[in-house]
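Read off the chains here:
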Amino acid sequence: MSDATNTGATAREVIEQIDRARIELPELDRKYFCDEAPKVVEPYRGIVEKFLNWARSESLWILGFGTGCGAIELRPLMTARYDMYRYGIQPRPTPRQSSVFIIGGYASVKTMKRIVRSYEQMQNPKFVMGLGSCTVNGGMYWDSYNTVNRLDHYIPVDVYVAGCMPRPESLLAGFMQLKLRIREGRAEGANEYARNFDWYKANQKQIIKDWNMPDYNW
Amino acid sequence: MSNATIAGGREVTPEVIYEDLIARFKAGSPDRRRDDLMFITVPQAEAVAAITHLKEHWGFRHLAFFTAVDLIERNLFRLTYMLHSYEASIDVCLQADISRDAPIADTIHHLWAGASTYERELKEMFGIDFPGCPRVDEPFALEGWDEIPPMRRDFDTRAYSERTFFPRDGREKHDKVDIMKKELYPEVDL
């Protein structure tokens, strides 16, 4: 299935489209695509990192990607009653602009493929919040043929918000927890992903059987 | 009971429809669930003709759903077409059995374009093929599935989940059998 990776051609040269048609990238376009594995970015030391972490924790931008039924809880959070903007939290339309990825409930295998792809497109530093019981242990779909049980085996998770489904207040508490974690310098999910890249990839490939994307997604 | 008069001035009632179906399509005995809901079994070879007749002659223009039931004890898949008539406010459910060994059925995508999505799903979830249905071979909800179709009753979804999805330890289970034994019949050995 994964012709693009098996033939030894790098992702820069060949990309495989959804319909399995392989197209070669023109020379001019290759510089826009990346096929390098994510690298560990060591944090700064001392007061610089503390300042950066404070800034990061005060401007959490959510990826606008509702991946399950729990994503419905984000709407009251955005609007007047719970108003997450007062904490510096706001939704962004693309992965490249976002720093927080909320997995809103059950993640099916088909969604997992898009989750991995979106997560890898986000820029460092990036944080993941598992929303709902399904991300913790599969929730009520724990014995389903199509729902992953443990989200943290596929992407690193910073904060879990348990509940089926959690109220917006719980989500806000989760955000406060995430802020605390970032300020303490413990929200190193992106580096953890880079360090254990092979383990994460092996887990992802175990469930995503038609792996028709490059190992590192641009 | 509704008293709509369509289809050549005749009153549309479940009885009239049933008599018509038995005369034309060798329908089996009906199962009247409610005044306005009737289940009828027709042979698979007559199913598309019966549905076409119901749609074009009796005014059952709405395909409410189309699914299959896995009757593994009888080695059958029971295709279930739920049709609704807006004029008469009647539901008629046509059922057609196909063998589990060769699960191939006739497509109805020419009657309702939306039926092709049902058929694509049935192909994926039950392995029932509908030759001629557009895009029936493309994956619908599952991508790269390599086991037996998951909605078949001989597929053990729990075993599959446990060996695939890294179950987390410490889950508290509330199995009905265990709870009933503990609370109601502690002396019975199950």
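Residues numbered from 1 in each chain as written. Chains lettered and ligands numbered in written order. Predicted model: local features only at pLDDT ≥ 70, side-chain atom pairs only at ≥ 80, totals over all residues.

A word on the interface of chain A and chain B. You'll often see interface size given as the accessible area lost when the parts meet. Of the residues lining the interface, 17 residues belong to chain A; the matching set on chain B comes to 16 residues. Grouping the constituent residues of the side of chain A that touches chain B by class yields 6 nonpolar, 6 polar and 5 charged. (Contact = placed C-beta atoms within 7 Å. Nonpolar A, V, L, I, M, F, W, Y, C, P; charged D, E, K, R; others polar.)

Here we come to the packing of helix α2 (residues 46-57) of chain A against helix α6 (residues 168-183) of chain A. Residue and element names in this part refer to chain A. One can describe the packing of α2 onto α6 by two numbers: an axis separation of 8 Å at closest approach and a directional angle of 165°. Put simply, α2 runs roughly antiparallel to α6. Along this stretch, α2 crosses α6, giving a crossing that reads as right-handed. Of the residues in α6, those in contact with Asn53, Trp54, Arg56 and Ser57 of α2 are Lys179, Ile182 and Arg183. (Axes fitted to C-alpha atoms, helices over the stretch in contact; angles between N-to-C directions. Helix = DSSP H or I, 4+ residues; strand = E, 2+ residues; numbered from the N terminus. Parallel < 35°, antiparallel > 145°, perpendicular 65-115°, else oblique. Left-handed = near helix turned anticlockwise from the far one by under 90°.)

Turning next to helix α4 (residues 109-121) of chain A. Residue and element names in this part refer to chain A. The first and last C-alpha atoms of α4 sit 19 Å apart over 13 residues, in line with the 18 Å expected at 1.5 Å per residue. Listed as buried for α4 are Val109, Met112, Lys113, Ile115, Tyr119 and Glu120. All buried residues of α4 fall inside an arc of 165° around its axis, so they share one side. For α4, the secondary structure elements touched by its buried residues are β5 (100-104) and α8 (197-207). (Expected span 1.5 Å × (residues − 1). Buried ≥ 20, exposed ≤ 12 C-beta atoms within 10 Å, placed from the backbone. Arc of directions from axis to C-beta.)

On to the nonpolar core. One broad trend across soluble globular proteins is that nonpolar side chains are buried collectively. The biggest cluster of nonpolar side chains holds 44 residues, and the ones touching the most others in it are Val100(A), Phe101(A), Ile102(A), Ile103(A), Met129(A) and Ile155(A). Counting 34 residues, the second largest nonpolar core, distinct from the first, contains Ala47(B), Trp58(B), Leu94(B) and Tyr118(B). (Core = buried A, V, L, I, M, F, W, Y, C linked by C-beta atoms within 7 Å.)

On to the sheet that holds strand β5 (residues 62-71) of chain B. Residues and elements named next belong to chain B. Spatial strand order, β3-β4-β7-β6-β5: 5 strands in an open sheet with mixed pairing. The strands lining the two open edges of the sheet, one partner per strand, are β3 (31-34) and β5. For this sheet, the mean inter-axis angle between neighbouring strands, taken without regard to orientation, is 20°. On top of the sheet, helix α1 (residues 14-25) reaches β3, β4 (37-41) and β7 (90-99); it is set at about 10° to β4, its chief contact. (Pairing = 2+ DSSP bridges.)

Across chain A, the average pLDDT comes to 86, with 89% of residues at 70 or higher. Low pLDDT, under 50, characterises residues 1-7 of chain A; the stretch is placed with 16 contacts to residues that sit more than four places away or in other chains. (pLDDT = per-residue confidence, 0-100.)

Our focus in this paragraph is the pairing of β7(B). Residue and element names in this part refer to chain B. Of the strand pairs in this sheet, β4 and β7 are connected by 5 bridges, and their pairing is parallel. In the sheet register, Phe39 faces β7, and the bridge partner there is Cys93. Where strand β6 (residues 76-85) and β7 come together, 10 bridges link them in antiparallel fashion. By the bridge assignment for β7, Phe77 is matched with Ile98. Hairpin connection of β6 to β7: 4 residues between the antiparallel strands, including Ser89 at a positive phi of 50°.

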